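# Remarks on the overall topology
Here is how the chains run, residue by residue.
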Amino acid sequence: MSDFLTQFAPALPEIFVLVMVSLILLIDAALGDSKRYVAYVLSLATIAGAAFLTARDFSTMPVLALGGLFIDDPLSDVLKLFLYLTVAVVLVYSRDYLRQRGLYKGEFFVLALFALLGMMVMVSASHFLTLYLGLELLSLSLYAMVALQRDSSIATEAAMKYFVLGALASGMLLYGMSMVYGVTGSLALADMAQILSDGTDLRIPLVFGIVFIVSGLAFKLGAVPFHMWVPDVYHGAPTAMTLFIGSAPKIAAFAFVFRILGQGLESQVAEWRDMLVILAVLSMAVGNIAAIAQTNLKRMLAYSTISHMGFMLLGILAGSQNGYGSAMFYVLVYALMSLGGFGMILLLSRAGFEADKLDDFKGLNRRSPWLAFLMLLLMFSMAGIPPTVGFYAKLAVLQAVVEIGYVWLAVAAVLFSLIGAFYYLRIVKLMYFDTPHDTTPIAPCVDSRVIMSANGLAVLALGILPQPLMAVCMYAIGASF
Amino acid sequence: MFGQSILSLVIWVPILAGVAVLATGSDRNAALARWIALAGALLGFIVAIPLVTGFDTGTSAMQFVEKAAWIPAFNIHYHLGVDGISMPLILLNSFITVLVVIAGWQVIQDKVAQYMAAFLIMSGLINGVFASLDGILFYVFFEGMLIPLYLIVGVWGGPNRVYAAFKFFLYTLLGSLLMLVSMIYLYFQSGGSFDIQTWHTTTLGMTAQTLMFFAFLLAFGVKVPMWPVHTWLPDAHVEAPTGGSVVLAAITLKVGAYGFLRFILPILPDASAELAWFVIMLSLIAVAYIGLVALAQSDMKKLIAYSSIAHMGFVTLGFFMFSPLGLEGGLVQMISHGFVSAALFLCIGVMYDRLHSRQIKDYGGLVNKMPVFAAFFMLFAMANAGLPATSGFVGEFMVIMAAAKVNFWYAFVAATTLIFGAAYTLWMYKRVVFGNVTNPHVEEMKDVNAREILLLGVLAVCVLAMGLYPKPFTDVMHVSVVDLLAHVAQSKLP
């Protein structure tokens, strides 16, 4: 009995979330539309409870559980805490937006929490099966979230594309995993790493498997040339869903990539590094160049996401502890900036008005100097201009790339980020240099406004003192090696 | 109490004052915003004064040093310190900030708090650039100052301000991003240090030095600006408000030139020696060709902008003569140009506020209506042309002498600036100030008021004092310059 408990104890936060989601589903169905706030409050309470459990049982040493399917290490705990924070902020930002559009339903909260559960499983997986299980739980929740706005043809189209391409990617990933299983005879990442580091004669099936795995990962990350779904889904989905897709899942995706490439296939770095180099360069190029041509802010931020994922890959392809730590720092910073960027669209929108055109930001400085200032910080951070935290994220991945001797890659990266600076500057230009054509007062509710202020100022505060976050990332990665 | 942290005060007092100004909010509190801004700028200047009084001119070591761990993960420190090269520039910047606040007192009526705050924050960041001894800290200040400058040009600028703001931002960003990669490379070459003084002793191969030379040259050359990457400057100047032009010309151009002395020469001495001819050629082209371009301008601000490029060509020319005379000449020229260009842009601002035109042809006969102003303008025009007894003469003369020692033809081409400079400045002056009043609006122009007399008078004193007795300036620099040259003379090849 006690052995049974020790096997399950590390997964307590996941079990807690699962139980709570089931409860919320039942309670909300019983209470009906007028008492939706119960589901909202319970969802936030669930996240707070999970955060409490994770923080209480913070593990300083990796602990394998559930027969090697599940790992509880500093990396997973740190990432889970950031996931909770991100999802909680998403829920706060989204509330008014969803209510104004008739999407304020119990399903949203249930799906969001299921997605969170999927992400938690992904970051704690130590086995191909759990990795895949977590990924599918996340993906299926997201497909449904995008499709939640049933009567919008553009949202339905986005959901369809997302589903078909996502399923294709899952298939490729599974195929690659089966090839690697064929070579190593194990699905557990630790055993796999052990067997591969001893060397294998089956080079061709192994490389074949790695190609499929990397393609599947690239699909999920939205790296070029597997990026086609990203702009359509980001653009088509209701902004609250875009906010969700664009923030927390990136953190989980980092963990997913790190677990497979950095831990399972660690010894094969020479094989997958060149693939990631190509993906990274193409993502930075296409993302930054295509973003210039966009007139819709959500679409522009979608392309910007592609380029950011390219940057994050720079850290991973370094294949060093330093590189993974930098990539982790990058992805956390990116989630923070993405929350702010999409959150701002939510704050400025109102019933019957989406605020997702670039022109909707014209003259924001005259309408609300404070929100304009926060958006200015977010845009300069995305462009990687100090003293915002985005700069240190770029610095971290660039130094990781230079360390392995790929100076040319660092030069290419900074040149593409120069192109990227143009369209972020354009947002600042619209807000500060132009006069508004829309003078409706901006009245976001108090809690969104407070969280947005904290979000924007965090970008600046972490830019002045980046060390705490940097140290957390380096510690988490270091303890997982 | 603050004796240990003078440099931190010099950086953070203006920035915090800027934040305080921002807190006054909308234009209803414009008067309050102006007074806080003035108090902040004055306080920023006052806290910089101990840098002069406590400065030891007998040593080339860094003074007023502060060092604290900032980002231990990458061994980045909050490391500040000044020597004889950077200290005068910090003082110049703090001084000009006060003038800029006063210059914008009445002219700026729209978003006053944001305007004043942008200048104060930028002033603090620029002080940070001059005081940083850590590469990444330097880079943060170096890039951070682009944000307020971008807003200043874009929000309060002229009709074509958006184009100018983008051009300026992207041009300078291009240069600095390549510099960032070089810095990261140096970090690994020096065994994991971002300390600039450690980089000064890091051995580097010739290929690496050459590549980094061009990266740094682009970063600082764009800021200086050197021919042929100078084209952003006339656009930015023309579109910027008066205060923006003053800061651009007087201060930000110096940041580029300063980078040559702190980074290129000491970190890459072999490449600098090898490629000196290249920089000298670019500088001479700037001096001679841009001088001719200035002659053809019809817009006064553009004319002064081109004249700035020509004068900065002198600075870089002096640096690459590798002699104390040339280097000190370049530094004196930097400070002198800070005063003179600030004064000339303020003069143009005075005229623009009254007539709302910068075209030379719209003026004429100004001396009949504004005699006091005409006298001030005369002095500054003469200083720009390099008349002896003004500060403009000292630096140019030193650089020409240094150039003559190296190569007669360098000196010959450089000396043409005395002709071209006199030609374009005095010709502009003649067309604007003398002759008959042809434009009826000029008839209505009033002479300078007390605020403007204060601004121009203070600068006139500086220009004359430096022209008549430059020794205090060169004394401060001398030991640092000699030490820098000794350092540059040593090869760093492995």
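Residues numbered from 1 in each chain as written. Chains lettered and ligands numbered in written order. Predicted model: local features only at pLDDT ≥ 70, side-chain atom pairs only at ≥ 80, totals over all residues. Heavy atoms only, no water.

## Some points on the overall build of chain A
On a plain count of helices and strands, chain A comes out with 21 helices and 2 strands. Over its C-alpha atoms chain A spans a radius of gyration of 21 Å, differing by no more than 12% from the 23 Å that the globule rule assigns to 481 residues. Its C-alpha atoms give chain A principal-axis dimensions of roughly 70 × 60 × 40 Å. Nonlocal contacts in chain A, meaning residues at least 24 apart in sequence, comprise 80% of its contacts between residues at least 6 apart. When the accessible surface of chain A is totalled, it reaches about 15900 Å², and 70% of it is carbon and sulfur. Distance from the positive charge centre (26 side chains) to the negative charge centre (28 side chains) of chain A: 11 Å. (Helix = DSSP H or I, 4+ residues; strand = E, 2+ residues; numbered from the N terminus. Rg over C-alpha atoms; globule rule 2.2 N^0.38 Å. Contact = heavy atoms within 4.5 Å. Areas by Shrake-Rupley, 256 points an atom, 1.4 Å probe, with all protein chains shown as cover. Lys, Arg positive; Asp, Glu negative; His and termini not counted. Charge placed at Lys NZ, Arg CZ, Asp CG, Glu CD.)

## Focus on the packing of helix α6 (residues 128-146) of chain A against helix α11 (residues 239-246) of chain A
All names here are of chain A. Between α6 and α11, whose axes approach to 9 Å, the crossing angle comes to 160 degrees. By the angle between their axes, α6 is roughly antiparallel relative to α11. In this structure, α6 meets α11 at a crossing whose hand is left-handed. Residues L142, M145 and V146 of α6 lie in contact with α11, whose contacting residues are M241, F244 and I245. Of the residues in the contact of α6 with α11, the class split is 6 nonpolar, no polar and no charged. (Axes fitted to C-alpha atoms, helices over the stretch in contact; angles between N-to-C directions. Parallel < 35°, antiparallel > 145°, perpendicular 65-115°, else oblique. Left-handed = near helix turned anticlockwise from the far one by under 90°. Nonpolar A, V, L, I, M, F, W, Y, C, P; charged D, E, K, R; others polar.)

## Some remarks on the nonpolar core
By size, the foremost hydrophobic cluster in this structure holds 389 residues, and its most contacted members are Y150 and F380 of chain B. Among the elements that make up this core, the one with the highest residue count is helix α15 (residues 321-348) of chain A (19 residues). Here F380 of chain B is in contact with V340, A343, L344, C347, L456, L459, A460 and V463 of chain B, once residues within four sequence places are set aside. (Core = buried A, V, L, I, M, F, W, Y, C linked by side-chain atoms within 4.5 Å. Buried < 20%, exposed > 50% of the residue type's maximum accessible area, 1.4 Å probe, protein only.)

## Focus on the side chain of R358 of chain B
Residues and elements named next belong to chain B. Inspection of the secondary structure puts R358 in the loop between α15 (324-355) and α16 (366-369). Residue R358 is classed as buried on the basis of its relative accessible area of 15%. A polar contact is formed between the side chain of R358 and the side chain of D299, at a distance of 3.5 Å. Those residues in contact with R358 that lie beyond four places of it in its chain are V238, S298, D299, M300, K301, I348 and Y352. (Polar contact = N/O pair within 3.5 Å; in protein donor to acceptor, adjacent residues only side chain to side chain.)

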